[in-house]
Amino acid sequence: MTPTQLVREKTGSGRREGGIPRRGDGDDGSAPGEGRPKPSTALIGVGAFLAAVTMLFVAFTSAYLARRQEEGWLAIAVPAVLWLNTAVLLSSSVTLEWARSRIARGDAHGLRRGLSLTAALGVLFVLGQLAAWRQLSAAGLYLSSNPHSSFFYLLTGVHGLHLLGGLAALGAVLVRASGGRYTPGDHTGISVVALYWHFMDGLWLYLFALLFWA
């Protein structure tokens, strides 16, 4: 299930039909555990997906650390654009949280502005990654040049693909926001995208540190 599909998932209402207590309900007519907040199906789904992504990058990390101990390892310098790129991605998380705060206050216009700005920063990050690749290739460092450059292209490429999935989900949320589909009491889709996006943000910080300071 992709992040875009998870955005469309709806939370179950948890209501009893006709207000009639079901078998197994409490003596006061309430269902056991009723009144407790129930996790969204979509949030559970994206959490499971991110767990799988985590395991993928754990495997990449193990391979990276093992290969770094072998002969032929030549460390590459940090492409300068990555510093700006990191600031751009961190800023996108800030604007996304601002968008969430706007819809919580019933500001639909602010929500759309925040989502649009987040998407624009996400696109800028992807373009920045392409610029970093061009910097390396201009320096004669390609995928097959040495193990460090190979892992750089691999790890940043896989992260970039997952971020593109987040951009697709942001686009879906923005379309729904433009149609007035979100309210202060019903904006689960935005929370799902925010969870995914912030995870990609944190994952990038981890990869940046792993590739150049670990």
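Here the structure is shown first, and the text comes after it.
Keep in mind that what you see is a predicted model, and the values were worked out from it rather than measured.

Calculation rules
Per-chain numbering applies: the sequence of each chain, read as written, is numbered from 1 onward. Residue-level local features of this predicted model are given only where pLDDT is at least 70; pairs of side-chain atoms are given and counted only at 80 or more, and the full residue set underlies all totals for whole chains, interfaces and linings. Side-chain measures here rest on the full set of heavy atoms in the structure, leaving out hydrogens and waters. Each helix corresponds to a stretch of at least 4 residues labelled H or I by DSSP, and each strand to a stretch of at least 2 residues labelled E; elements are numbered beginning at the N terminus. Contact criterion: two residues are considered in contact whenever any of their non-hydrogen atoms come within 4.5 Å of each other. Identification of polar contacts relies on pairs of N or O atoms within 3.5 Å, with a donor-acceptor requirement for protein atoms, meaning one able to donate a hydrogen and the other able to accept it, and with residues adjacent in sequence counted only if both atoms are side-chain atoms. Throughout this description, the term nonpolar core refers to a set of buried Ala, Val, Leu, Ile, Met, Phe, Trp, Tyr and Cys residues connected via side-chain atoms within 4.5 Å. For each residue, the accessible area found with a 1.4 Å probe, counting protein chains only, is set against the maximum for its type, and the residue is called buried under 20%, exposed over 50%, and partly exposed in between. When a carboxyl oxygen of Asp or Glu lies within 4 Å of a side-chain nitrogen of Lys or Arg, that pair is called a salt bridge. Lines are fitted to the C-alpha atoms to define the axes, a helix being fitted only along its stretch in contact, and any angle between axes, read from their N-to-C directions, falls within 0 to 180 degrees. These descriptions rest on fixed angle ranges, namely under 35 degrees for roughly parallel, over 145 for roughly antiparallel, 65 to 115 for roughly perpendicular, and the rest for oblique. Each crossing gets its hand from how the near helix is turned against the far one by less than a right angle, where anticlockwise is left-handed and clockwise is right-handed. Under this grouping Gly is polar, as are all residues other than the nonpolar Ala, Val, Leu, Ile, Met, Phe, Trp, Tyr, Cys and Pro and the charged Asp, Glu, Lys and Arg. Ring pairs shown here join Phe, Tyr and Trp side chains whose ring centres sit within 6.5 Å, with only the six-membered ring taken for Trp; geometry is labelled stacked below 30 degrees between planes, edge-to-face above 60, and tilted in between. Helix span is expected to be 1.5 Å times the residue number reduced by one.

Our focus in this paragraph is the environment of Asp201. Relative to the elements of secondary structure, Asp201 occurs in helix H6 (residues 188–212). Residues Asp201 and Leu163, spaced 38 residues apart in sequence, show a C-alpha to C-alpha distance of 8.9 Å. Residues in contact with Asp201, not counting those within four places in the same chain, are Leu89, Leu90 and Ser93. One polar contact links Asp201 to Ser93, side chain to side chain, over a distance of 2.6 Å.

Time to look at the side chain of Ser92. Tracing the backbone shows Ser92 in helix H3 (residues 81–104). If near-sequence neighbours (up to four positions away) are discounted, Ser92 is found in contact with Thr118, Leu121 and Trp197.

Turning our eyes to something else, we now look at the nonpolar core. By size, the foremost hydrophobic cluster in this structure holds 51 residues, and its most contacted members are Phe57, Leu111, Leu115, Phe152 and Leu170. At the level of secondary structure, the elements contributing two or more residues to this core comprise helix H2 (41–68), H3, helix H4 (108–138), helix H5 (147–178) and H6. In terms of residue count, the dominant contributor to this core is H6 (14 residues). Excluding residues within four positions of it along the chain, Phe57 makes contact with Leu155, Val158, His159, Leu203 and Leu207.

The subject of this paragraph is the pattern of salt bridges. Within the structure shown, the criterion is met by three salt bridges. The residue Arg100 makes a salt bridge to Glu97 at a minimum N-O spacing of 3.0 Å. A residue pair is termed a helical-turn pair when its members lie 3 or 4 positions apart in one helix, as Arg100 and Glu97 do in helix H3 at three residues. In this structure Arg100 comes out as partly exposed when scored by relative accessible area, which is 27%. The salt bridge involving Arg102 is made with Asp107; its shortest N-O contact spans 3.4 Å.

Before going further, it helps to examine the packing of H3 against H6. Look at H3 against H6: their axes get within 10 Å of each other, and the N-to-C directions meet at 160°. Here H6 runs roughly antiparallel to H3, going by the angle between their axes. Handedness of the H3/H6 crossing: left-handed. Counted together, Leu82, Trp83, Thr86, Leu89, Leu90, Ser92, Ser93, Leu96, Glu97, Arg100 and Ile103 of H3 and Ile190, Ser191, Val193, Ala194, Trp197, His198, Met200, Asp201, Trp204, Leu205, Phe208 and Phe212 of H6 form the full contact between these two elements. Among the residues making up the contact of H3 with H6, the classes are represented as 15 nonpolar, five polar and three charged.

Moving on: the packing of aromatic side chains. Tallying each qualifying case throughout the model produces 15 aromatic pairs. Centroid distance Tyr64 to Trp73: 5.3 Å. Interplanar angle 80°. Geometry classified as edge-to-face. Exposure class is identical for Tyr64 and Trp73. Each is buried. In textbook terms, an aromatic cluster arises when at least three aromatic residues are bridged by ring pairs, as seen for Trp83, Phe125, Trp133, Phe152, Tyr153, Trp204, Phe208, Phe212 and Trp213.

With that out of the way, let us pick up the side chain of Ser149. Mapped onto the elements, Ser149 comes out in helix H5. Residues contacting Ser149, with those up to four places away along its chain left out, are Ile76, Leu141, Tyr142 and Leu143.

Moving on, we get to the packing of H2 against H5. The relative placement of two packed helices comes down to the angle between their axes together with the axis-to-axis distance. One can describe the packing of H2 onto H5 by two numbers: an axis separation of 11 Å at closest approach and a directional angle of 175°. The angle between H2 and H5 places the two elements in the roughly antiparallel class. Here H2 contributes Phe49, Val53, Leu56, Phe57, Phe60, Ala63, Tyr64 and Arg67 to the contact with H5, which in turn contributes Pro147, His148, Phe151, Leu154, Leu155, Val158, His159 and His162. Here the contact of H2 with H5 is composed, by residue class, of twelve nonpolar, three polar and one charged.

With that settled, the discussion passes to H3. With 24 residues, H3 should reach 34 Å at 1.5 Å per residue; the first-to-last C-alpha distance of 35 Å fits that figure. Taken as a whole, H3 has its buried residues at Val81, Leu82, Asn85, Thr86, Val88, Leu89, Ser92, Ser93, Thr95, Leu96, Ala99 and Ile103. Where H3 is buried, its residues contact H4, H5 and H6. Directly beyond the C-terminal end of H3, a positive phi value near 80° is found at Gly106.

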